[in-house]
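Structural overview for review
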Amino acid sequence: MVGQRLIEFMAKPSADQSAARGSEVQATRVREGEVGHNVLLEGNTGETSSSPTVSTKLQRIAEQAIQHPEMQFTTLAHLLDQELLREAYRRTNKKGSPGCDGVTAAEYAEHLDENLRDLHERLRQGRYIPPPVKRTWLPKDDGSQRPIGKPTFEDKIVQRAVSMLLEEIYEQDFYDFSYGFRRGRSPHQAIHDLRERCRTMNVHWVLDADVSGFFDHIDHRWLQEWLLRRVNDGSIRRLIGRWLKAGVLDGVDLTYSDEGTPQGGVISPLLANIFLHYVLDEWFVREIQPRLKGRAFLIRFADDFVIGCELEVDARRLMEVLPKRFAKHGLTIHPEKTKLIEFGRPRNRPAAPATSGTRPNTPPASKPGVESGSENGTFDFLGFTHYWTRSRKGYWVIQRRTSRKRLKRRQKSFWLWCRDKRHLPLAEPSVPI
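Everything in this summary refers to the structure shown in the same document. (Residues numbered from 1 in each chain as written. Predicted model: local features only at pLDDT ≥ 70, side-chain atom pairs only at ≥ 80, totals over all residues. Heavy atoms only, no water.)

Considerations on the overall build of the protein chain
What the protein chain contains, in helices and strands, is 12 helices and 11 strands. Of all 433 residues assigned to the protein chain, the portion counted as buried reaches 46%. Long-range pairs, those at least 24 residues apart, make up 74% of the contacts in the protein chain between residues at least 6 apart in sequence. By element, 50% of the accessible surface of the protein chain is carried by carbon and sulfur atoms, the whole surface being about 23100 Å². (Helix = DSSP H or I, 4+ residues; strand = E, 2+ residues; numbered from the N terminus. Buried < 20%, exposed > 50% of the residue type's maximum accessible area, 1.4 Å probe, protein only. Contact = heavy atoms within 4.5 Å. Areas by Shrake-Rupley, 256 points an atom, 1.4 Å probe, with all protein chains shown as cover.)

Structure follows, in structure tokens:
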């Protein structure tokens, strides 16, 4: 069995502990109603499932979540059956690197039925303990390194199955301006929405924020507290707690942390969206927007977000309270990378035709040393530099181009590829010249 290959990393629970956990699963109360009725349902559901039964269960959860926004779901663990696990296996990426146990997707699939049956039994009895996450490092543009976690393939299946259940609940709660790691939403939709809101809401100031080490500093206590608002299933919450405390295997060193989620885990993006939904999104909609004097909007893609304001007084007030809000929940707004930029339609200059010698797709140069209050300010978001310029007909429009940092990184990677391949001989042409 695949689970036997994790003995060196984990200690098995005793029989008494297993029986106690199994009794806790059986004692979960029913509140949200029966799941699995074959009816036509509404709500934002996930991708199409290959199993009609799984699709119906997920639709039922989505329907109840949208009809009862304040309801706690207390019986979800019984839906982690073999059929849902098989669907989670189908949706899991098979090309990823193996975790700390060394088991690949192909090896797991050799005895798929037996492995899924054993996995379901361990989940049902509360004996499943997530193994540590294997850590690798990726270089960043500034010379530092970004940690990436690699769970085991079996753990990816369990995380995918739990994510499928939780997504049906939280997709009904998330706001439309949240675009990161959500099905049916893309970065291109986010930057299109950003452009339209800047244009139609008469935005003159943009707050470009950066959260320092977001995935590494997610507060577990706050996350569990916010999960309790919608999910009060002891087995599901225990699984999430074990993932947060599973530990990280960096080479031969096994470490544990009281904060953060491993970047690269299947369920990490969903937990991050849940955390920022309460820290930022709901706070902005319910507490900030009603107190502003002018119009404002928020566009968020995971932990990368921008806030646009119509009035300068609102923008500067947000600049002051935003770090305090994040600090309250254990996060830090980067003081140097977070900037307040004047981004309104250029004033005091007529919209002359594009034939005046200025290229329409070239961002204007900002004043030296000026990042806040510049009339020709620009900002980067999701790999693009956004700026005001004149169209071919002479109208002021917002355009975007690849950010200088992203372009430089791509050019460097292309140069390295040419350096590594230039010694290879040219291939013979397939057709005689």
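Some remarks on the environment of Lys245
Counting through the fold element by element, Lys245 comes out in the loop between helix 9 (234-244) and strand 4 (248-250). Excluding anything up to four places from it in sequence, Lys245 contacts His220, Tyr256, Ser257 and Asp258.

A short note on helix 2 (residues 52-67)
A rise of 1.5 Å per residue sets the reference length of helix 2, with its 16 residues, at 22 Å; its end C-alpha atoms lie 22 Å apart and thus fit the reference within 8%. For helix 2, every residue scored as buried is listed here: Val54, Thr56, Lys57, Leu58, Arg60, Ile61, Ala62, Glu63, Gln64 and Ala65. In this structure, the buried side of helix 2 is in contact with helix 3 (82-91) and helix 6 (153-170). (Expected span 1.5 Å × (residues − 1).)

A closer look at the sheet that holds strand 8 (residues 339-342)
Adjacent strands of a sheet form backbone hydrogen bonds with each other and so pair up, either parallel or antiparallel. Across the sheet, 4 strands lie side by side as 6-7-3-8; this open sheet has antiparallel pairing. Strands at the two margins of the open sheet, each flanked by one partner only, are strand 6 (296-301) and strand 8. Recorded for the sheet is a direction-independent mean angle of 20° between the axes of neighbouring strands. Summarising the sheet, strand 3 (residues 205-209) and strand 8 pair through 4 bridges and their orientation is antiparallel. Paired with Leu207 across the bridge in strand 8 is Leu340. In this fold helix 7 (residues 187-200) packs onto strand 6 and strand 7 (304-309), with an angle of close to 170° to the strand it touches most, strand 6. Sheet strands touched by helix 11 (residues 312-328): strand 3, strand 7 and strand 8. Its angle to strand 3, the strand with the most contacts, is close to 15°. (Pairing = 2+ DSSP bridges. Axes fitted to C-alpha atoms, helices over the stretch in contact; angles between N-to-C directions.)

Brief notes about the side chain of His386
Looking at the secondary structure, you find His386 in strand 10 (residues 384-390). With sequence-adjacent residues up to four places away left out, His386 is seen in contact with Ile191, Leu194, Phe343, Thr378, Phe379, Phe381, Gln399 and Arg400.

Here's the deal with the sheet that holds strand 1 (residues 133-139)
Spatially, the 4 strands line up as an open sheet ordered 2-1-4-5, and their pairing is mixed. Both outer strands of the open sheet, strand 2 (145-150) and strand 5 (253-255), are each paired with one neighbouring strand and no more. Neighbour to neighbour, the strand axes of the sheet diverge by 35° on average, direction disregarded. In this sheet, strand 5 lies alongside strand 4 in antiparallel orientation, the contact comprising 3 bridges. Across the sheet, the residue bridging to Val248 is Thr255, located in strand 5.

As for unusual backbone geometry
For Ala302, which is not a glycine, the phi torsion comes out positive at approximately 60°. Among the secondary structure elements, Ala302 is positioned in the loop between strand 6 and strand 7. Residue Leu382 is not a glycine yet carries a positive backbone phi of 55°.

Remarks on the packing of helix 10 (residues 268-288) against helix 11
The geometry of a pair of packed helices is captured by two quantities: the angle between their axes and the separation between those axes. Their axes nearest at 11 Å, the elements helix 10 and helix 11 cross at an angle of 140°. On the basis of their axis angle, the class for helix 10 and helix 11 is oblique. Crossing handedness for the pair helix 10 and helix 11: right-handed. Note on element contacts: helix 11 touches helix 10 through Leu318, Val321, Leu322, Arg325 and Phe326, opposite Leu276, Tyr278, Val279, Leu280, Trp283, Phe284 and Ile288. Each residue belonging to the contact of helix 10 with helix 11 can be placed in one class, and the counts come to 11 nonpolar, no polar and 1 charged. (Parallel < 35°, antiparallel > 145°, perpendicular 65-115°, else oblique. Left-handed = near helix turned anticlockwise from the far one by under 90°. Nonpolar A, V, L, I, M, F, W, Y, C, P; charged D, E, K, R; others polar.)

So, the pattern of salt bridges
Scanning the entire structure with this criterion turns up 22 salt bridges. In this structure, the salt-bridge partner of Glu196 is Arg199, at a minimum N-O distance of 2.5 Å. Residue Glu196 and its partner Arg199 are both found in helix 7; the two are separated by 3 residues, about one turn of the helix. In this structure Glu196 comes out as partly exposed when scored by relative accessible area, which is 24%. The exposure class assigned to Arg199 is partly exposed, which follows from its relative accessible area of 46%. A salt bridge links Arg286 to Glu282, with the shortest nitrogen-to-oxygen separation between them at 3.6 Å. Taken together, the residues span about one helical turn, with Arg286 and Glu282 both in helix 10 at a distance of 4 residues. Exposure remark for Arg286: the relative accessible area of 54% places this residue in the exposed category. (Salt bridge = Lys/Arg side-chain N within 4 Å of Asp/Glu carboxyl O.)

Here's the deal with the packing of aromatic side chains
Inspection of every chain in the model, using the stated rule, returns 14 aromatic pairs. Ring geometry for Tyr170 against Phe174: centres 6.0 Å apart, planes inclined by 25°, an arrangement best described as stacked. You can call Phe174 buried: its relative accessible area is 7%. A ring pair is formed by Phe181 and Phe301, whose centres lie 6.0 Å apart and whose planes are at 45°; its orientation type is tilted. Here Phe181, found in the loop between helix 6 and helix 7, pairs with Phe301, found in strand 6; they are 120 residues apart in sequence, far enough to count as distant. (Phe/Tyr/Trp six-rings, centres within 6.5 Å; stacked < 30°, edge-to-face > 60°.)

Considering the packing of helix 6 against helix 10
Helix 10 packs onto helix 6 with a crossing angle of 25° between their chain directions and a minimal axis gap of 11 Å. Judged on the interaxial angle alone, helix 10 and helix 6 are roughly parallel. Note on packing geometry: the crossing formed by helix 6 with helix 10 is left-handed. Across the interface between the two elements, Ser163, Leu166, Glu167 and Tyr170 of helix 6 pack against Leu270, Ile274 and Tyr278 of helix 10. Residues that form the contact of helix 6 with helix 10 fall into these classes: 5 nonpolar, 1 polar and 1 charged.

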